[in-house]
Amino acid sequence: MWPFSHHYSLDEIGFLNGSVDYHCHILPGVDDGVRNLEKSLAALSYFEEAGVTEVWLTPHIMDDFPNSTHSLRQGYNKLRAAYNGSLIMHLASENMIDSTFEQRFSDDDLLTMGDGTHLLVETSYFNPPMHLYDTLDQIRSHGLFPVLAHPERYFYMNVKDYDRLKDMGVQFQLSIMSLTGMYGEEAAVKARHLLWEDKYDFYGSDLHRLSLFRKALDAKVLTGKDVNALQKLKLKAHVESFETVHESLAWNVG
Ligand SMILES: [Fe+2]
């Protein structure tokens, strides 16, 4: 079906059509993502035209962008009021495990995903945070499933780390641009490894700038094996997967 030598782009395979974006920085003016309302609306229109059905807005909450859940909710309400398209939108957050995470966590000041069951987390790309595994355990004990954003982009992580994280019930979210080499060769290699091994549970655009994202969509870098694995992930990551996990959460915790 997929000739060996041919390479495909995400656009060419219609990856966005019928997809849910589980990670993007489209909420305007709150982090290093989209800067203003006009650009947010342009990105949402683009998604709509490409056939995306649902979007999770996941602004950073971290020492560098100390957004409060209250202010993010306010920004979200403004965006919702200005948007009259057909996309289903949700507000969540991408939570950096950094020096202030524990405080936010113990204050229960979180914007979760799914049915309040999942927490999208990230770490520095270069160094593991102190007590990474303890923090993830704490999140699990709190009744939440940690979803690790773009595991392929952490330079300090290797196959052993990925296996350990999966064993403890951490879910993985692929940043689809990683496959195109947008974040370097190492991230692309790791992304393929994890994708082919069926280690991802979700995916996301991690869109910060529409122009960059469109460029990545046009990159003809996907092999037939990548395409098949991506289609499989797309099915797996359907919103019902939140419910599937719900059951295993109940089984694992408590
Ligand atoms: Fe992100």
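For the structure, see preceding data.
Colleague: What is the right way to look at the packing of aromatic side chains in this model?
Modeller: Any two aromatic rings considered together are summarised by their centre-to-centre distance and by the angle between their planes. Applying the stated criterion across every chain, the model contains 9 aromatic pairs. Here the aromatic rings of Phe126 and Phe155 are separated by 5.4 Å at their centres, their planes lie at 20°, and the arrangement is stacked. With Phe126 in the loop between strand 6 (118-122) and helix 4 (132-141) and Phe155 in the loop between strand 7 (145-149) and helix 5 (159-167), this residue pair connects regions lying 29 residues apart in the sequence. By relative accessible area, which is 57% here, Phe126 ends up exposed. Ring centres 6.0 Å apart and planes at 40° place the aromatic pair Tyr154 and Tyr156 in the tilted group. Accessibility assignment for this pair places Tyr154 and Tyr156 in one class, buried. Members of the aromatic cluster, each reached through a chain of ring pairs, are Phe15, Tyr22, Phe202 and Tyr203. Of note, Arg164 hangs over the ring of Tyr133, and the distance from its end group to the ring centre comes to 3.5 Å. It is Lys234 that lies over the ring of Phe15; its NZ or CZ is 5.3 Å from the centre.

Definitions and limits used
- Residues numbered from 1 in each chain as written.
- Predicted model: local features only at pLDDT ≥ 70, side-chain atom pairs only at ≥ 80, totals over all residues.
- Heavy atoms only, no water.
- Phe/Tyr/Trp six-rings, centres within 6.5 Å; stacked < 30°, edge-to-face > 60°.
- Helix = DSSP H or I, 4+ residues; strand = E, 2+ residues; numbered from the N terminus.
- Buried < 20%, exposed > 50% of the residue type's maximum accessible area, 1.4 Å probe, protein only.
- Lys NZ or Arg CZ within 6 Å of the ring centre and 35° of its normal.

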